[in-house]
Amino acid sequence: MKTDKYVEQVINKVKANDAHEKEFIQAVEEVFTSLIPVLDKRPDLVECNILERICEPERMIMFKVPWMDDNGNIQVNRGYRVQFNSAIGPYKGGLRFTKSVTLSIIKFLAFEQVFKNALTGLPIGGGKGGSDFEPIGKSDNEIMRFCQSFMMELHRHIGGNVDSPAGDIGVGKREIGYLFGQYKRLKNQYDAAGVTGKSTDISGSILRPEATGYGIVYFAQEVLKDFNEDLKQKTVAVSGYGNVCWGVCRKVSDLGGKVVTLSSEYGYVYDEAGVNTQEKFDYLLKMRSSDLELEDYAKEFNCEYYPNEKPWNVKVDLVIPCATQNEVDLDDVKKIVSNNVKFLVEGSNMPVTMEAHQYLKDNNIIVAPGKAANAGGVSVSALEMSQNSMRYSWSEEEVDAKLNEIMKKLYQSCKQAAQDYGYGYDLIAGANISGFLKVAEAMKIQGDY
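Since the structure is predicted, the reported quantities are computational estimates derived from the model, not experimental observations.

A. View of the packing of aromatic side chains. Scanning the entire structure with this criterion turns up 22 aromatic pairs. Between the aromatic rings of phenylalanine 180 and tyrosine 190, the centroid separation amounts to 5.4 Å while the plane-to-plane angle is 80°, which identifies the pairing as edge-to-face. With phenylalanine 180 in helix H8 (residues 173-187) and tyrosine 190 in the loop between H8 and helix H9 (208-225), this pair connects stretches of sequence that are 10 residues apart. Since its relative accessible area comes to 42%, tyrosine 190 is described here as partly exposed. On the numbers, 4.8 Å between centres and 50° between planes, the contact of tyrosine 297 with phenylalanine 301 is tilted. Exposure class is identical for tyrosine 297 and phenylalanine 301. Each is buried. Pairwise contacts between aromatic rings join Phe63, Trp67, Phe97, Phe133, Phe146 and Phe150 into one cluster. Here the guanidinium or amino end of arginine 288 rests over the ring plane of tryptophan 246, the centre of that ring lying 5.7 Å away.

B. How the structure looks around the layout of surface pockets. A volume near 540 Å³ is recorded for the second largest pocket. Every residue lining the second largest pocket is counted, 19 residues in all, and those nearest its centre are His357, Lys361, Asp426, Ile428 and Ala429. Residue contributions to the lining of the second largest pocket peak at 5 residues, all from helix H14 (residues 354-362). Classifying every residue of the lining of the second largest pocket by side-chain character gives 10 nonpolar, 6 polar and 3 charged.

Definitions and limits used
- Numbers given to residues run from 1 along each chain, matching the order in which its sequence is written.
- Local features in a predicted model are, by the rule used here, given only for residues with pLDDT of at least 70; side-chain atom pairs are given and counted only at 80 or more, and totals for whole chains, interfaces and linings are based on all residues.
- Hydrogens and water are ignored here; the side-chain numbers use all heavy atoms of the structure.
- For this analysis, a ring pair means two rings from Phe, Tyr or Trp (six-membered ring only for Trp) whose centres lie within 6.5 Å, classed as stacked if their planes differ by under 30 degrees, edge-to-face if by over 60, and tilted for the remaining angles.
- Counting from the N terminus, the helices are the DSSP runs of H or I reaching at least four residues and the strands are the DSSP runs of E reaching at least two.
- Using a 1.4 Å probe on the protein chains alone, a residue whose accessible area is under 20% of its type maximum counts as buried, one over 50% counts as exposed, and one in between counts as partly exposed.
- Our definition puts a charge over a ring when NZ of Lys or CZ of Arg is within 6 Å of the ring centre and also within 35 degrees of the ring normal.
- Every definition here rests on a 1 Å grid over the protein atoms only: cavities are sets of points where a 1.4 Å probe fits but cannot get out, pockets are open sets enclosed by protein on both sides within 12 Å along at least five of seven lines, and lining residues have some atom within 4 Å of a point.
- Grid points are joined across faces, edges and corners, and a volume is the space filled by probe spheres set on the points.
- Charged means Asp, Glu, Lys or Arg here, nonpolar means Ala, Val, Leu, Ile, Met, Phe, Trp, Tyr, Cys or Pro, and polar covers whatever is left, Gly included.

It is worth stressing that arrangement in space is one thing and function is another; only the former is reported here.
Below you can see the structure in the form of C-alpha cells.
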C-alpha cells in the first residue's frame with residue numbers, strides 16, 4: 001500500500017470510530033499527515049501498522065466524582081485519566097480542572113503528550129487527565145473535598161512507576177497539595193513521585209511552577225538565534241493570564257523583552273509599559289487565587305482593557321498564545337500577518353486551528369509548535385521525579401540550567417528531523433517526526449501490540 005493511502009486510511013478510521021471527538025481527530029490528522037516522508041523511508045513501520053497502534057490509547061478511565069459543597073449539597077462531576085502510551089516510560093501528564101473538559105479534549109492532550117514527552121529525551125510516556133469541575137468561585141474547602149474525592153478513584157491507577165500526574169489549567173500547588181495528601185493516605189506510603197508539581201515543602205522541585213513558561217521562552221530564544229535575533233527590546237503579545245503566561249512574562253523580562261498583553265475569554269489588557277515588575281508578577285498570582293479579573297489588573301496598573309476582543313491585533317514582534325486549544329483562528333492570524341509579525345510560538349497545546357496554520361505557512365511565518373515549545377513543564381516534572389527517587393533537591397540554578405539544556409536539545413532535534421525528511425525549516429513537522437520516531441522505535445523493540 002502507498003504510504004499516503006495508508007495514512008489516509010488510518011485517519012478515516014479514527015474519524016469513523018471517534019466521530020464525536022473533534023479535538024482528538026484534529027491532533028491525529030495534524031501529526032499523521034506530516035509523517036508521510038518518514039513512512040516512505042520506513043516501510044517496516046507501515047507493515048507493522050504503527051499508526052493505528054500509536055493512535056489508540058492503552059487505557060481510558062472515566063469516573064464520577066461526588067463531593068459536598070459548603071451548603072451541604074452533593075455535587076457530581078466527571079473525572080478522566082487517559083493513559084495513552086508507556087513505550088518509553090511511565091505515563092506522565094497533567095490534570096486539568098475546568099468546565100470545558102471533555103473526553104475528546106483529554107484524549108487529544110494525552111496523544112500530544114506522548115510525542116511531547118518523547119521530545120524531552122527523558123524516560124516518560126504520555127497521559128493526561130482532569131475533570132469538568134471549575135475551581136473558580138469555589139471555596140478552599142470545596143476544592144479540597146473535590147480533590148479528595150477525585151483521588152479516591154485516581155489512586156488505583158497511578159504511582160511513581162506507573163503514572164505520575166501533575167498540574168495543568170485549574171490545578172496548581174493548592175490542588176496538587178490536596179491531591180497528594182489524599183494519595184498518600186490511601187496508599188499508606190510516601191510515594192513522592194506518584195504526583196508532581198508539588199510544593200517544595202512536600203518534595204516538589206524548585207522552578208516547577210515557572211518551568212512551562214520558562215521553557216517556552218528558551219525555545220523561542222533558540223528560534224530567534226537562527227535568524228540572528230534575540231529577545232532584547234522585543235515586544236510580545238501573550239494570551240491568558242495563568243501559570244504559563246506568568247512564567248513567560250517573567251523570563252521574557254529577564255531576557256530584555258516585554259510582554260504587553262494578557263487575556264481571558266472575556267477580553268484583553270494592553271499594558272504598554274510591559275508585564276515586567278515583581279508587583280505585576282505577584283498580581284497575576286493573586287488573580288489566579290481570587291475573584292480578580294483582567295479589568296482589575298487594568299485599573300490597578302492604569303492599562304487599557306478591551307472587552308470581548310483578542311490580543312492578536314496588537315502590533316508586536318512575537319506572538320505567544322498561552323491559553324487553550326484552537327484559540328487562534330483564521331481571522332486572528334490574518335491580523336497577526338498584517339502586523340508583520342515574523343514569529344508565533346505556541347505556548348498552549350494546539351492553540352492554532354488547522355486552516356490558520358496553513359495561512360501562517362503560506363505567509364512564511366515561523367511557527368514553534370506547542371508539543372515542543374511548552375515541554376518545559378513536563379521536563380521539570382520528570383526532574384522532580386528524579387529528585388524524589390534520590391531523596392534529593394537540586395538548586396534553582398541547577399534546575400534552570402537543566403531545563404535550558406533540555407529545550408536547546410529539543411529544538412535541535414525538531415530542526416534536524418525536519419531537514420532530514422525534506423521539510424526544510426518546518427518545526428511543526430520536525431517535532432512530529434522526532435517525537436514519533438522515538439516512540440515508534442520503542443514500541444517496535446518491545447514487540448508492543
